[in-house]
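Examining the three-dimensional arrangement
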Amino acid sequence: MLISVYIPFAVTAVLTALAPRMARRLAPRPAAWALACAALVTAGGWTGSLALLAFTGVAQIPQVAAEGHWSVAALRDDDPVYLGVAAASALVLAAGLICLGIAALSQTRHVIRARRECTRLPGDTELAVLDDDTPLAFALPGSPGRIVVSRGMLKCLGDGERHALLTHERAHLRGKHHVFKTIWRLTSAVNPLLRPLAHTGAFVLERWADEEAAAQTGDRVMVARAVGRAALASAGAPRPAALAATGGEVPQRVRALLGPPPARRRLPFAAGALLLILCCISLVNAASDSDELVDDAQWHHAQHTTVPRIRG
Amino acid sequence: MSDPNGDETPGGSGRRARGELESDVLAALWAADRPLTAGQVRERLRGDLAYTTVLTILSRLYDKGVLLRHREGRGYAYTPASDEASHTAQRMRTLLDSGSDREAVLTRFVSELSEQDEELLHHLLSEHDPSDGDGP
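First, a word on what this report is: a plain description of the structure on this page. Since the structure is predicted, the reported quantities are computational estimates derived from the model, not experimental observations. (Residues numbered from 1 in each chain as written. Chains lettered and ligands numbered in written order. Predicted model: local features only at pLDDT ≥ 70, side-chain atom pairs only at ≥ 80, totals over all residues.)

Residue and element names in this part refer to chain A. Although it is not a glycine, His69 sits at a positive phi angle of roughly 55 degrees. Of note, His69 is situated in the loop between α3 (62–68) and α4 (72–78). Assessed through the 13 C-beta atoms surrounding it within 10 Å, His69 is described here as partly exposed. Positive phi, close to 50 degrees, is recorded for Lys176, a residue that is not glycine. Tracing the sequence through the fold places Lys176 in the loop between α7 (159–174) and α8 (177–190). (Helix = DSSP H or I, 4+ residues; strand = E, 2+ residues; numbered from the N terminus. Buried ≥ 20, exposed ≤ 12 C-beta atoms within 10 Å, placed from the backbone.)

What follows is the structure, encoded as structure tokens:
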């Protein structure tokens, strides 16, 4: 309990520091899966550890101890967790759960709205074209999802580039990329440390769709040109200033497409998997320690108070 | 998803499903400034699609009400139909602009560029595309 309960925090810290940098260089599809797994496992480990730490504090409240029939003194003697740490954990845990609730509500609203708009789009073709000169293209998830592109975007692309754009957006829909985004959004609501991971995840999904388009069209330069031209055309269009912060990613995508496809590497994934396994094992270990602690305290409690009750 | 009209693409990706071809045809028609005949649409699509395949897709899209057509020579020339689309465009834009977390669901093709990005991008593209033309 003393050390193992803190290991999920350490794993989270290591992964937030290293995973985003690594993931950008790896093959995007496995990288997206790895980032999703990492987010889920570390968010679970984080929550579990906080809950265990908070519990050791709560368990020392006399009323709680009376209810659970354990000895506060025994718990305090055996338990190496400071009350301050326990209280802080409880606060962080509560804040995380509240944020998770809010994010889940908002995410559900967004998904429902996207689905509704999806069914309201005219026609039943996969592609819905907007009669609008502003260059715009996005994938609208639904069942089935639709690819929404404005006339302005189609006009600024060449023949092959249009096909590349459609293939890219189709990859988003086929790969259910909005589910990945939902995972990252919710996990980083529970634990704000995971935000860089979510940010990188969004970039990796774009790379995934780019690589898919490159594989399907068999022409990496064509996809690079489609991305580049679309971005340059969109840059001329009016846009909300708040979005400017996400810059820098399009040139990275274009550069990656102009180079060779990313090599398949095993080592980073194996290392990440080991860290996640370590996270799970330590959490289980901490939980069983904590369980033993309570058993012990209950035994003490029974020794001191319930002997006469059993006899009488 | 097997489609007798599906054609092999030169990239070796195998059969293209019917819906995907519809999207390509629709996109080509929207990108054009004037009505296109089946032959002209075929020229603008990647891969060696059979003429009859393009014709089939065009008439299917016409039946769905997505396209308008008029006689031209021996066949038809097609234009995209955009009846209530202006409404849709407005709705889609508000969908994209609603709240800072909309990106958690929607995936846009390109994110915004900074000025340095623009320069870098011009540079990258010109290196690989000296003629700045689209190969057919």
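Once the structure has been displayed, the description carries forward.
Our focus in this paragraph is the packing of α7 of chain A against helix α1 (residues 18–31) of chain B. In the contact formed by α7 of chain A and α1 of chain B, the axes pass within 10 Å of each other and the chain directions differ by 130 degrees. Our classification of the angle between α7 of chain A and α1 of chain B gives oblique. Crossing angle aside, the handedness with which α7 of chain A passes α1 of chain B is right-handed. The residues of α1 of chain B that touch α7 of chain A, namely those facing Arg162, His163 and Leu166 of chain A, are Ser23, Asp24, Ala27, Ala28 and Ala31 of chain B. Broken down by class, the residue content of the contact of α7 of chain A with α1 of chain B amounts to four nonpolar, two polar and two charged. (Axes fitted to C-alpha atoms, helices over the stretch in contact; angles between N-to-C directions. Parallel < 35°, antiparallel > 145°, perpendicular 65-115°, else oblique. Left-handed = near helix turned anticlockwise from the far one by under 90°. Contact = placed C-beta atoms within 7 Å. Nonpolar A, V, L, I, M, F, W, Y, C, P; charged D, E, K, R; others polar.)

Residues and elements named next belong to chain B. Ordered in space as β1-β3-β2, the three strands form an open sheet in which the pairing is antiparallel. The sheet is open, and its two edges are formed by β1 (36–37) and β2 (67–72), each paired on a single side. Here six bridges tie β2 to strand β3 (residues 75–80), and the two strands are oriented antiparallel to one another. When the sheet's bridge partners are listed, Arg69 is paired in β3 with Tyr78. Packing of α1 onto the sheet brings it into contact with β1, β2 and β3, and relative to β3 it is tilted by some 80 degrees. (Pairing = 2+ DSSP bridges.)

Strand order in this open sheet of four strands is β1(A)-β3(A)-β2(A)-β4(B), and the pairing throughout is mixed. Taken across any chain shown, the strands that pair with only one partner, and hence form the sheet edges, are β1 (127–130) of chain A together with β4 (107–108) of chain B. Most of the contacts of α7 of chain A go to strand β2 (residues 137–140) of chain A, to which it runs at about 30 degrees, and overall it touches β1, β2 and β3 (146–150) of chain A together with β4 of chain B.

How big an interface is tends to be expressed through the accessible area that disappears when the partners come together. With 55 residues of chain B in contact, the opposing surface of chain A contributes 76 residues. Where the side of chain B that touches chain A is concerned, the elements lending two or more residues are α1, α4 (85–97), β4 and α5 (115–128) of chain B. Per-element accounting of the side of chain B that touches chain A gives the leading share, ten residues, to α1 of chain B. Its residues placed into classes, the side of chain B that touches chain A shows 23 nonpolar, 14 polar and 18 charged. Inspection of the sheet shows β2 of chain A paired to β4 of chain B by two bridges, in the antiparallel sense. Bridge assignment links Ala139 of chain A to a residue of β4 of chain B, and that residue is Thr107 of chain B.

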